[in-house]
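So the chains spell out like this:
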Amino acid sequence: MADPSITDYTEILKNTISSDNLAKTKVFHLRGGIDYGNLGFVHKTLMAVMKKTIEKKPLSERESDDIGLLEIYGKDIDFSDKSTISPLVEYVKTL
């Protein structure tokens with residue numbers, strides 16, 4: 001759900017993909033959404049914990065992802081945009 005224009009995944013990728021593989025991997029971010037009604041108990045609980053954690057932060061320390069989560073918490077939302085697949089399609093065409 002995170003906005004790829006403001007979210008930096010550098011650390012997550014470095015911690016998830018070995019440096020050898022990361023050097024030869026092209027990463028594409030296709031934004032999705034969430035349907036709270038279809039979340040299971042565990043995921044709903046995790047989201048509730050995240051919400052409470054963010055709410056405990058002083059306003060000045062909340063990041064844009066924190067604010068976004070609070071705005072959409074409990075709602076069904078879809079950020080999907082079919083046009084965002086274009087960079088992936090163009091990359092595949094070059095292979």
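The structure under discussion appears in the preceding block.
We now turn to the structure provided with this report. Bear in mind the structure is a predicted one, so any value in this text is a computation, not a measurement.

What about the overall build of the chain?
At step 1: The secondary structure content of the chain amounts to five helices and two strands.
At step 2: Its helices and strands taken in sequence order, the chain reads α-α-β-α-α-β-α from the N to the C terminus.
At step 3: Dimensions of the chain, computed from C-alpha atoms along their principal axes, come out at roughly 45 × 30 × 25 Å.
At step 4: For the chain, the proportion of its 95 residues judged to be buried stands at 11%.
At step 5: In the chain, the share of contacts with a sequence separation of at least 24, taken over all contacts with a separation of at least 6, comes to 62%.
At step 6: For the chain, the exposed area adds up to about 7400 Å²; of that, 57% sits on carbon and sulfur atoms.

Describing the side chain of Arg62
At step 1: Relative to the helices and strands, Arg62 resides in the loop between helix H3 (41-56) and helix H4 (64-72).
At step 2: There is no salt bridge for the buried Arg62, and the closest opposite charge comes from Asp66, which lies 6.5 Å off by N-O distance.
At step 3: A polar side-chain atom of Arg62 sits 3.3 Å from the main-chain carbonyl oxygen of Lys57.
At step 4: With near-sequence residues (within four places) excluded, Arg62 lies in contact with Ile54, Glu55, Lys57, Ile67 and Leu70.

Focus on a nonpolar patch on the surface
At step 1: Where nonpolar side chains cluster on the molecular surface, the patch consists of Leu30, Ile85 and Val89 and spans about 230 Å² of accessible area.
At step 2: Position of Ile85 relative to the elements: it lies in the loop between strand E2 (77-78) and helix H5 (86-93).
At step 3: What makes Ile85 partly exposed here is its relative accessible area of 39%.

Digging into the nonpolar core
At step 1: Among the nonpolar cores identified, the biggest contains six residues, and these are Ile34, Tyr36, Met47, Ile54, Leu69 and Ile72.
At step 2: Of all elements in the fold, only H3 and H4 reach the threshold of two or more residues within this core.

Here we look at H4
At step 1: Taken as a whole, H4 has its buried residues at Asp66, Leu69 and Ile72. For H4, the buried positions fall inside an angular range of 140 degrees around the axis, keeping them on one side.
At step 2: Of the surrounding secondary structure, the elements contacted by the buried residues of H4 are strand E1 (33-34), H3 and E2.
At step 3: With its phi angle positive at about 85 degrees, Gly74 sits one or two positions after the end of H4.

What counts, and where the lines are drawn
- Residues numbered from 1 in each chain as written.
- Predicted model: local features only at pLDDT ≥ 70, side-chain atom pairs only at ≥ 80, totals over all residues.
- Heavy atoms only, no water.
- Helix = DSSP H or I, 4+ residues; strand = E, 2+ residues; numbered from the N terminus.
- Buried < 20%, exposed > 50% of the residue type's maximum accessible area, 1.4 Å probe, protein only.
- Contact = heavy atoms within 4.5 Å.
- Areas by Shrake-Rupley, 256 points an atom, 1.4 Å probe, with all protein chains shown as cover.
- Lys, Arg positive; Asp, Glu negative; His and termini not counted.
- Salt bridge = Lys/Arg side-chain N within 4 Å of Asp/Glu carboxyl O.
- Polar contact = N/O pair within 3.5 Å; in protein donor to acceptor, adjacent residues only side chain to side chain.
- Patch = residues over 30% accessible without salt bridge, like charges linked within 9 Å, V, L, I, M, F, W, Y side chains within 5 Å.
- Core = buried A, V, L, I, M, F, W, Y, C linked by side-chain atoms within 4.5 Å.
- Arc of directions from axis to C-beta.

The analysis is restricted to geometry; functional conclusions fall outside its scope.
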